[in-house]
Amino acid sequence: MPRLIPPRLRKAVLPVAGLGTRVLPGTKTTPKELLNVVDRPILSYIVEEAREAGIEHIVFVTGRSKGAIEDYFDHQIELEAQLLAKGKTDILEMMNAELASAGEMSFTRQMQPKGLGHAVWCARDIIGREPFAVLLPDVIVDGQPGALKQLLDAYADVGGNLIGVEAVPENETHKYGIVDPAGRDGRRITMKGMVEKPAKGTAPSNLSISGRYILQPEIFKILETQERGAGGEIQLTDGMIKLAKSQTFYGVEFEGERHDCGSKPGFLRANIAFGLQRPDLSEGLRAEMKRYLGE
Ligand code: G1P
């Protein structure tokens, strides 16, 4: 029998309504997604990952005081004119690479912080009846290819729903959604279940749900009536647990380093890691770090 080709994945949801409480006070007026890692915002890395995976339309689920996100992907006419007049074409080129192409991005609002499941549900009309990706913008995965492309390669084989997973220390499992694995084929994991933020000592494994998803549109119907779960929030994981009763779910362990930029140590580490990769910065940065560390 010929293998069914899964429907093409064209759209991605980026929930960016989060309040950034872990990195306050800097995020009081600046969206955490626009904090710079080296010289471009966290969000720029996430959009790059989505585009690399062939995503054609990005839906941002925003909230109050997140207007700067929409502006970031648009022209800044005066600034561009100044740069052009001064012949700074290299910087202009970098800025142009960040722009949205016509119609590539939509913005919708989650008007109350009701949780990730509710944020994703807010994108339902723009996504419509097709599979879609979700990328949590706290997390930059430094992988070749990018994390979403790795998920997409698995999706081309098995279709259905897939989630990126990553092993975390046993004493940190309560901070994440955790999968209960049934078996493994290389980096692909079949699962018996999932649980959002298990109480300490109760996690079924140390494989965390790590911020990248490919989901089928039937999730929206479930999220519409999803009750509040861990932390009093409408959880995407709880919706996925229900969807897993009628559709396949696989975990995919990424190759690449994951930086949690929503935490202070993760954000600092991302800056060092990406700074050290930059030919124009690495030598100086290395020398400064040696000096600070007294080596
Ligand atoms: C969310 C998800 C959780 C996942 C985590 C990854 O939690 O609900 O399943 O493991 O992102 O970063 P949050 O960090 O928003 O509380």
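Coordinates for the structure precede this section.
For clarity, every value in this text was computed on a predicted model and none was experimentally measured.

Peer 1: Looking at this structure, how should I read the overall build of the protein chain?
Peer 2: On a plain count of helices and strands, the protein chain comes out with 11 helices and 13 strands. By the compact-globule yardstick of 19 Å for 295 residues, the protein chain fits well, its C-alpha radius of gyration being 20 Å. The principal-axis extent of the C-alpha atoms belonging to the protein chain is close to 60 × 50 × 45 Å. Looking at the protein chain alone, contacts between residues at least 24 apart form 76% of all its contacts between residues at least 6 apart. In the form shown here, the protein chain has an accessible surface area of approximately 15300 Å², with 53% of it arising from carbon and sulfur atoms. Put simply, the protein chain has 37 plus and 40 minus side-chain charges, and the middle of one group is 5 Å from the middle of the other.

Peer 1: What is the right way to look at helix H10 (residues 264-277) in this model?
Peer 2: Each α-helix turn comprises 3.6 residues. Residues three or four places apart therefore point the same way. Relative to the 20 Å expected for 14 residues at 1.5 Å per residue, H10 spans 20 Å between its end C-alpha atoms, a close match to the ideal helical length. Inspection of H10 places Gly 266, Phe 267, Ala 270, Ala 273, Phe 274 and Gly 275 among the buried residues, and these make up the whole buried set. In this fold, the buried residues of H10 make contact with strand E2 (36-37), helix H1 (42-52), strand E7 (139-142), strand E13 (257-260) and helix H11 (282-293). The backbone nitrogen of Gly 266 lies 3.1 Å from a side-chain oxygen of the residue at the head of H10, namely Ser 263.

Peer 1: What should I look at first to understand the side chain of Lys 32 in this one?
Peer 2: One can find Lys 32 in the loop between strand E1 (11-15) and E2. Setting aside its immediate chain neighbours within four residues, Lys 32 contacts Gly 18, Gly 20, Val 23, Thr 27, Ile 42, Lys 66 and Asp 138.

Peer 1: Would you mind going over the environment of Asp 142 with me for this structure?
Peer 2: For Asp 142, the location among the structural elements is in strand E7. Taking the C-alpha atoms as reference points, Asp 142 and Ser 246, 104 residues apart in sequence, are found 33 Å from one another. When sequence neighbours within four positions are dropped, the list of residues in contact with Asp 142 reads Gly 256, Glu 257, His 259, Phe 274 and Gln 277. In this structure the side chain of Asp 142 is engaged in a polar contact, spanning 2.6 Å, whose partner is the side chain of Gln 277.

Peer 1: Any chance you could explain the packing of aromatic side chains here in plain terms?
Peer 2: Any pair of aromatic rings gets described here by the distance separating the centres and the angle formed by the planes. Taken as a whole, this structure holds 5 aromatic pairs when the rule is applied. Between Phe 60 and Phe 107, the aromatic rings sit 4.9 Å apart at their centres with planes inclined by 10 degrees, giving stacked as the arrangement. Highlighted residues: Phe 60 in strand E4 (residues 57-62) and Phe 107 in strand E5 (residues 105-109), separated in sequence by 47 residues. Classification of Phe 107 by relative accessible area gives partly exposed; the value is 27%. Relative to Phe 73, the ring of Tyr 72 lies with its centre 5.2 Å away and its plane at 90 degrees, an arrangement referred to as edge-to-face. Relative accessible area serves as the criterion here: at 5%, Phe 73 is assigned to the buried category. Grouping aromatic residues by their ring pairs yields a cluster made of Phe 60, Tyr 72, Phe 73 and Phe 107.

Peer 1: What is the right way to read the pattern of salt bridges from this model?
Peer 2: Proximity of charged atoms lets side chains of opposite charge pair with each other. Counted under the stated rule, the structure contains 21 salt bridges. The salt bridge partner of Lys 32 is Asp 138, with a shortest N-O separation of 2.9 Å. In this pair, Lys 32 sits in the loop between E1 and E2 while Asp 138 sits in the loop between strand E6 (132-135) and E7, placing the two residues 106 residues apart along the sequence. Each of the two residues, Lys 32 as well as Asp 138, counts as buried. Lys 66 is paired through a salt bridge with Glu 33; the nearest N and O atoms lie 2.9 Å apart. Of this pair, Lys 66 sits in the loop between E4 and helix H2 (67-72) while Glu 33 sits in the loop between E1 and E2; the two residues are 33 residues apart in sequence, bridging distant segments of the chain. By relative accessible area, Lys 66 is classed as buried at 6%. A relative accessible area of 1% places Glu 33 in the buried class. Here the salt bridges share partners, and the residues they tie into one network are Arg 8, Arg 10, Lys 11, Glu 56 and Glu 130.

So, how was this worked out
Residues numbered from 1 in each chain as written. Predicted model: local features only at pLDDT ≥ 70, side-chain atom pairs only at ≥ 80, totals over all residues. Heavy atoms only, no water. Helix = DSSP H or I, 4+ residues; strand = E, 2+ residues; numbered from the N terminus. Rg over C-alpha atoms; globule rule 2.2 N^0.38 Å. Contact = heavy atoms within 4.5 Å. Areas by Shrake-Rupley, 256 points an atom, 1.4 Å probe, with all protein chains shown as cover. Lys, Arg positive; Asp, Glu negative; His and termini not counted. Charge placed at Lys NZ, Arg CZ, Asp CG, Glu CD. Expected span 1.5 Å × (residues − 1). Buried < 20%, exposed > 50% of the residue type's maximum accessible area, 1.4 Å probe, protein only. Polar contact = N/O pair within 3.5 Å; in protein donor to acceptor, adjacent residues only side chain to side chain. Phe/Tyr/Trp six-rings, centres within 6.5 Å; stacked < 30°, edge-to-face > 60°. Salt bridge = Lys/Arg side-chain N within 4 Å of Asp/Glu carboxyl O.

That's the geometry; what it means functionally is another story.
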